[in-house]
Structure formats: structure tokens, C-alpha cells
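Residue-level structural notes
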Amino acid sequence: MVKSVCGYCGVGCGIEFEEDKLLGDLAYPVNEGKLCSKGISELISIQTPSRLLRPHQRKNINDEYKVVSWDETISTIAEKIKSTSKEKIGIYLSGQLLTEDYYIANKLGKGFIGTNNVDTNSRTCMSSAVSAHKKAFGIDYVPVRMEDVHHADLLILAGANTAEAHVVFHNRIKRAKKAGLKIVVIDPRFTDTAKIADLHLPLKPNSDIDFFNLVSKRIIDENLVDEEFVLSHVNNYELLKNKFKRIPTTKMLKRTGLTKEQFEQFWTLYKNSPNIISAWTMGLNQSSQGVDKNLALINTHLLSGKIFTKGNGPFSLTGQPNAMGGREVGGLSTMLAVHLGFDKEAIKKVSQFWNTKNIDTKPGLTATQMMEAKLDVLIICHTDPIYHLPNRNKMEKLIKEIPLVVEINAYENSETAQFAHIRLPAAPWGEKEGTQTNLDRTITKQEKLTRTSIDCKPDWEIFQLIAQQLGFKNAFNFKNPQEIFEEYQEMTKLNPHLNMYDISYKDVGNKPFIWGEDIRKNKKFFTKDKKANLHFVENKLLSEKANLKYPFILLTGRTRDQWHSGTKTNLPKTLLKFKDLDFCEIHPKNAKALNIKDDDVIKISSIRGEIISKVLISDKIRIDTIFVPVSNREINYLTNDLYDKESLQPDYNHSAVKIEKV
Ligand SMILES: Nc1nc2c(c(=O)[nH]1)N[C@H]1C(S)=C(S)[C@@H](COP(=O)(O)OP(=O)(O)OC[C@H]3O[C@@H](n4cnc5c(=O)[nH]c(N)nc54)[C@H](O)[C@@H]3O)O[C@H]1N2
Ligand SMILES: Nc1nc2c(c(=O)[nH]1)N[C@H]1C(S)=C(S)[C@@H](COP(=O)(O)OP(=O)(O)OC[C@H]3O[C@@H](n4cnc5c(=O)[nH]c(N)nc54)[C@H](O)[C@@H]3O)O[C@H]1N2
Ligand code: SF4
Ligand SMILES: [Mo]
């Protein structure tokens, strides 16, 4: 029997592999033996015919790919990098990479090629939370653990559909509910998660800042501020209090679309709950004011002092299995490495550690900026930007202008593959090993369960081959993931709150390690004066608005059995069973007005593009709002490439669209 960990979502469930079967690990505290449909079937996805098994190359994207050798592709890539100025090179990574893969790619890009244009799809996912954590706490830190739900009286889920996106955590929430936990779901859609809620608040898309500001105001007005905590641990209280004196509460409530009764019902629950967790995911992060939405929510916890104690705190739920690990390594272009930025001191420390003089002093391009930056080389690994970036028609045009696009993928049917010149076959989950950090800072190990397909390589090894070909043999001479992990552990000593240096690579598979528990115990913030910051934020109504021509707002989100573009989950139904994907939820009143019925085929269009879908009439969706699952691969032809100005995360959830019967 081999113990490993699921490679899909941020819950990070423990798995046991025995005689070709996967079972939930009963002894593993995160999931206590449970797995969802994706985790259970992960072995099937290794064996599908759509695996990419050989390196491919072509001169022009209109040509057919030809099978070539690793030597040939790696030297083509290295030659091109050598002849390109560093600011024209981009490396586009993924929150699904293992920590060791991330470490090598980051070291190569930022440390040796000398470009900080190393970013990740986490930009589209967690970057608003990262920015808000840093502004509020001085550090990118999640101060809550999943087990805290057993100590909370109230769990607020804002823009988070745990029933489909964090399935096994959702089971735990259900258990906590049986023992008395109250649940409020704040979501324009009556999601599967809302089914277990004591109160569902179907607020209007993008009015969360108004909502959480109203909560903060009531905390202040009704003297529920934890004065002692605020005095010793929090900045800007007086400023916020003064600002809140003048906010237009009636207008704000109106913007949320909630009635006074709904808000009061919420408030009664809220003020009578000693311990409160507010969890959120894409409904808050993916917004033109994603950072501000996060800050508005965090304010409520800083004011009430409901943080750093059992069953309390603001809880950003990471989506991908190792988005958190990627943030720790430094996989965002706005960070250098190990939670260090680009100040002189940090660059000096990292240069010394890596023994390099090549580090550039300014932050690099974000993933959401790379396509527009007229790059000459773009290396994409473990993610599918043409599928996932907003305003796809524009992105397709832009990627066609990049002279060398390299795609490293374990499957051959990504959308980006149509635009790449070189494709390199990676070894997927099950064929490789390494570590990952789940959504509550638990570091665990994926184990190799079957042999690696002959011509496939783990992602770290592919980046190491490029590094060696570029002449950086001394710095990239790792024999296995353990050696990489150990160098990374040494590096975390540059920023000791990342206390992974205490653990051993060999042990972490059996004994998962939770970093940063001291931070929580000692109520430590990492700003200059060691106090958390309140921020006054307002809803600036920056998102695209519905209008006469495009009268609906499009929401997008997950379905339980599918993983994004579906290379691993949208398999022939003979291999896997799953819910139908081709649907667009429409409110009965809107359907009636448009004269459309269930299963009718419709064209959904925005000013940027169009898609075809089947109708699913549902009163679970707000009127004038529609929902299409993200695993409809075409979804981003519709979405808006408007970004949060600080995090540069896309505003995926608020695009104006129209519907026509075809
Ligand atoms: N409209 C809309 N768009 C969105 C979102 C949304 O909510 N709405 N969400 C955004 C968010 S939060 C995210 S995280 C992104 C996700 O978007 P993507 O990251 O593009 O989606 P995935 O399908 O997970 O892509 C993972 C890729 O890695 C490949 N792969 C699998 N295993 C391996 C391996 O071991 N090595 C390598 N090299 N490749 C491998 C898979 O075949 C697949 O092509 O989408 C973003 N886009
Ligand atoms: N099955 C499955 N699970 C996954 C994934 C997957 O592809 N499949 N992907 C993983 C990843 S990478 C991520 S990031 C997570 C995402 O996890 P979630 O964010 O929980 O998943 P989504 O379905 O995107 O849910 C976002 C919710 O926000 C709501 N929403 C939209 N706009 C607003 C708004 O303005 N305010 C509020 N309050 N709510 C709003 C939507 O209606 C939707 O229900 O899931 C992870 N888990
Ligand atoms: S909940 Fe997430 S980590 Fe657990 S089995 Fe399902 S996909 Fe895997
Ligand atoms: Mo994500």
C-alpha cells in the first residue's frame, strides 16, 4: 500500500493506493477516508488515449506537429532564449504544479535567465486574496484551518460553492452543521451549497463590498468592536469609524438587492454568534475590485477581533492543489522567492543564496499581461491559458504573434495546443512525486504510483534540461525532487516564518506538516509595526453593466465532477460518469419572456464573442443573471478582460451578455 494525496483541489485529500485501486486514507485528518468522484477516478485519467506521450514540434501553427527528440526541442528552446532579450521571455506556470517544479522554474526564470516574467494561473484565481492578505496582515497568510468549522458557531460562505468545488470539505461542514454550526451562503445563485444553508442571501453580483461594509458599520454602531484587540493589534480604526459615519447605508443595501428583512435576519444570526468564520473563493476574488472585496470582509474580523482564535477568522479557500505552495515558493511575478519581494535586501539575499548576479530588480509581467506584452518566447506549463484567460478572441490573436510558444502538458487536447510550436510531454499525477501545500497550509507528498511513460518527464526535469542547455549546470544539478525540496527548505530560512526547514522530505508523506502555526498562536502580523491594517473600501461599480443590448450578467463556476478544461475528467462516459455539462441556467421569468424552453439551443453573446449552449430553466439563478459552467471550454469567448487594478485578477463573473434562440 502506498499513501499519496489527491492532485485536484485545494482540500488535498489523503489517498491510499492498493492493487490498482484508490481509497480515501482513513487515518488522514483532512478527509478521514472520504474522497470525491474526481479523487477516486484519478488513476483512470492517467490511462486515457489523449495523453501526450512524445515531444512535438512545428515551424508554423498552421502546420501539423511532428514527433521530434527531446534533445532537438530542448536545444531549439535554449537557442531561442539565448538570442532573446530577457524582458521578451515569459514563463506561465500553474497552481497545479508541485512545489519542486515551481522551485526549479522560478529559479531558472528569475534567478538565471534574469526575467521576473514568471507568473502563474493563480493570478486568475487567488491573486486578489494574496494582495489583500499582504495589505491587511503584512504577509500572505491564511489564519484558519478546515477543522476550525467544528469550533465555529457561524460559517459565512461568500461566493464559494463548496458542495461542487471543495467537496470533501463540504462534507465536514455538513457534519459540523449537525453539531450546531449555522451556515449563511452569500451567492447570486442558489447553489448546491445553499441547500445546506440556514440562510441564503442571493445578493446582486458584485455588491459584496456594500454588504460587508454594512456588517462593519453595524459592528461599530452596536459596540461589538473588540476594543482591546483593536487597540493592541489593529491600525486605522478611528479613520474607518469616521468614514463609516457618512456612508449611504440605504443606497448600499439597495445595491446588494437584498431586503431589509434579509439583512436583519443575517444580522441577528451574526451578532449572536461568538465564533465566526467567513470563507470565500471566486465570487469575491474574480472581480474588478477583488482586493477590495477581500478587504471589506477582512475588516469585519479585525474589528470584532474574530481572528487567530479557534473557530474564527477570514478564510480564503484556495482552489488548486498547490496554489498555496506556489505562492510560498515565489511563483507570482510580483514576488521573487520565499515570500520575499524586490527590495534591495531581498534581492541581495536571494542572489547570494542562488549564487547568481542575474536577478532583475523590478516585478515581472503577470499572467494576465503576458499575452499583450509582445513576448518572443512563452513557456506554458500545466495550464491552458487560451482556455482560461478572459476575452478569448483577443487572446487568440495575441498568442499568434508570439514567435515561440512552448507548451508543457501531460495531455494533447488543451486549447493552447492549437497555438504552440513545441509541445513537451509531462508525467502527470501518479507518474511522479513531490510535495504540495493545501488550502490550510498542510504540506503533503504525492507519491509515484505507476511507472513514468517512456518519453514523459516530471515538470521539474523539463525545466532543468532547459537550464542545463543554457549553461547553468552547477545551479541545476538535481537528481530527484528530494534534493530540490531540501534546497528550497534551506532557502526558506531567508524568511523564517516559512518554517518548512524543520521537516524531512521522507517523513512528510506519512506525517503531513502544517507550516505557520506559531503565527496564529502568537497573534503575529507582519506589517512594519506588527499591527493589522483596516482599509476603507467602497464599491466603485467598475464592472461591466447589463444594458439594453446585453441585458444579462453571466456568472461562471464549477461543477462537481469536472476539473476545468476537462483534459482529465471530461472523458468518454464509458470511463467516467458525470453530470451533463452543456447547460446554461436561466430564470423562468426570463425564459418565458424570451420564449425558450428547457434543452432549447441558444446563442449567448457579449460584445467580445459568442458560444452555443443548451437551456436549463432554473429558479436557482437570480433574474437577469445566467450561469454557464467553466468546463464549457468556450466560456471565455464571452468574458471581459477587465482586471482588478492591484491584483490584476480578471473580472470573470460579471460580463454583460444577450441570449438568442438558434
Ligand atoms: N470564465 C472563467 N474562467 C476562469 C475561471 C472562472 O471561474 N471562470 N477560473 C479561473 C481559475 S480560478 C483557474 S485556476 C483557471 C484554471 O484554468 P487552467 O489551469 O487552464 O485549467 P486546467 O484544465 O486545470 O488546466 C491544467 C492543464 O494542465 C494539464 N496537465 C495535467 N497534468 C499535468 C502535469 O502533470 N504536468 C503538466 N505540465 N500538465 C498537466 C492539463 O492537461 C491541462 O491542460 O481558470 C480560470 N479561468
Ligand atoms: N469540481 C471542481 N472543483 C474545483 C475546481 C474545478 O474545476 N472543479 N477548481 C478549483 C479551483 S482552481 C477553484 S479557484 C475553486 C473555485 O471554487 P468556488 O469559487 O467555490 O467555485 P465557483 O463555482 O467558481 O463558485 C463561485 C461562486 O461565486 C458566485 N458569484 C459570482 N459572482 C459573485 C459575486 O459578485 N458575489 C458573490 N458573493 N458570489 C458571486 C457564483 O455564483 C458561484 O457560485 O474550485 C476548485 N475546485
Ligand atoms: S475534495 Fe478535492 S482533494 Fe478531495 S478528493 Fe475531491 S478533488 Fe480530491
Ligand atoms: Mo482556481
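Check the entry above for the structure.
Conventions adopted
- Residues numbered from 1 in each chain as written.
- Chains lettered and ligands numbered in written order.
- Predicted model: local features only at pLDDT ≥ 70, side-chain atom pairs only at ≥ 80, totals over all residues.
- Heavy atoms only, no water.
- Pairing = 2+ DSSP bridges.
- Helix = DSSP H or I, 4+ residues; strand = E, 2+ residues; numbered from the N terminus.
- Axes fitted to C-alpha atoms, helices over the stretch in contact; angles between N-to-C directions.
- Near = heavy atom within 4 Å.
- Polar contact = N/O pair within 3.5 Å; in protein donor to acceptor, adjacent residues only side chain to side chain.
- Areas by Shrake-Rupley, 256 points an atom, 1.4 Å probe, with all protein chains shown as cover.
- Domains from an automatic or database assignment.
- Buried < 20%, exposed > 50% of the residue type's maximum accessible area, 1.4 Å probe, protein only.
- Arc of directions from axis to C-beta.
- Contact = heavy atoms within 4.5 Å.
- Patch = residues over 30% accessible without salt bridge, like charges linked within 9 Å, V, L, I, M, F, W, Y side chains within 5 Å.
- Salt bridge = Lys/Arg side-chain N within 4 Å of Asp/Glu carboxyl O.
- Lys, Arg positive; Asp, Glu negative; His and termini not counted.
- Charge placed at Lys NZ, Arg CZ, Asp CG, Glu CD.

**Quick notes on the sheet that holds strand β8 (residues 154-158)**
- Strand order in the open sheet formed by five strands is β10-β9-β8-β12-β13, and the pairing between neighbours is parallel. Either end of the sheet is taken by a strand with one partner, and the two such strands are β10 (199-201) and β13 (313-316). Between one strand axis and the next, the sheet turns by 15° as a mean value, whatever way the strands run.
- When strand β12 (residues 276-280) meets β13, the two strands line up parallel, connected through four bridges.

**Here's the deal with the site of ligand 1**
- Ligand 1 sits among 34 residues. The nearest are His388, Asn409, Asp459, Ser565 and Thr567.
- Separating a nitrogen atom of ligand 1 from a side-chain N or O atom of Asn636 is a distance of 2.9 Å.
- Calculation on ligand 1 without its partners gives an accessible area of 920 Å², and the protein chains cover 99% of this total.
- Elements represented by at least two residues in the shell around ligand 1 include exactly α18 (385-388) and β15 (404-409).
- Looking at the shell around ligand 1, you find at least three residues from each of domain 1 (43-125 + 321-509) and domain 3 (552-661).

**Notes on helix α11 (residues 249-256)**
- The complete set of buried residues in α11 reads Met252, Leu253 and Thr256. All buried residues of α11 project into a common sector of 95° when viewed along the axis, lining one side. Exposed residues pointing more than 90 degrees away from the buried face of α11 are listed as Thr250, Lys251 and Lys254.
- Contacts made by the buried residues of α11 are with α8 (208-221) and α12 (260-271).
- Where α11 ends, the next residue or the one after it, Gly257, has phi of about 75°, a positive value.

**Here's the deal with the environment of Met126**
- By secondary structure assignment, the location of Met126 is in the loop between β7 (118-120) and α5 (127-137).
- Taking C-alpha positions, Met126 is 30 Å from Leu465, a pair spaced 339 residues apart along the chain.
- Not counting chain neighbours up to four residues away, the residues in contact with Met126 comprise Met282, Asn285, Ser316, Leu317, Thr318, Gly319, Ala323, Arg327 and Gln649.

**Description of the side chain of Ser605**
- Considering the arrangement of structural elements, one finds Ser605 in strand β23 (residues 601-605).
- The buried category is assigned to Ser605, whose relative accessible area is 6%.
- Not counting residues within four places of it along the chain, the set of residues in contact with Ser605 comprises Tyr550, Glu610, Leu638, Ala656, Val657, Lys658 and Glu660.

**Some details on unusual backbone geometry**
- Positive phi outside glycine occurs at Phe308, with the angle close to 70°.
- Mapped onto the elements, Phe308 comes out in the loop between α14 (290-304) and β13.
- Taking relative accessible area as the criterion, Phe308 reaches 7% and is therefore assigned buried.
- The phi angle at Asn391 is positive, at roughly 55°, despite the residue not being glycine.
- Counting through the fold element by element, Asn391 comes out in the loop between α18 and α19 (392-399).

**Here we look at the site of ligand 2**
- Lining the immediate environment of ligand 2, one finds 33 residues, of which Ala165, Asp187, Asn206, Arg558 and Gln562 sit closest.
- In the model, a nitrogen atom of ligand 2 is placed 3.1 Å from a nitrogen or oxygen of the Ile186 main chain.
- Surface burial for ligand 2 is 99%, taken as the share of its 910 Å² of free accessible area covered by protein chains.
- Where the shell around ligand 2 is concerned, the elements lending two or more residues are α6 (162-165), α13 (282-285) and β21 (552-557).

**Describing a negative patch on the surface**
- A surface patch of negative charge is lined by Asp580, Asp582, Asp598 and Asp599.
- With respect to the helices and strands, the residue Asp598 is situated in the loop between α24 (588-594) and β23.

**Here's the deal with the sheet that holds strand β4 (residues 56-57)**
- The mixed open sheet is built from seven strands, whose spatial order is β5-β4-β16-β15-β14-β6-β7. Edge positions in the sheet fall to β5 (66-67) and β7, since each of these pairs with one other strand and no more.
- Relative to β7, strand β6 (residues 89-93) runs parallel, the two sharing three bridges. Residue pairing in the sheet places Ile91 in a bridge with Val118 of β7.
- Along the sheet, helix α3 (residues 70-82) contacts β4, β6, β14 (377-381), β15 and β16 (422-425); its crossing angle with β16, the most-contacted strand, is approximately 130°.

**Describing the pairing of strand β24 (residues 610-617)**
- Of the strand pairs in this sheet, strand β22 (residues 584-586) and β24 are connected by three bridges, and their pairing is parallel. What sits directly across from Cys584, in β24, is Val615.
- The sheet contact formed by β23 and β24 spans five bridges and is antiparallel. When the bridges of β24 are listed, Val601 appears paired with Lys614.
- Here β23 folds back onto β24, and the loop between the two strands holds four residues.

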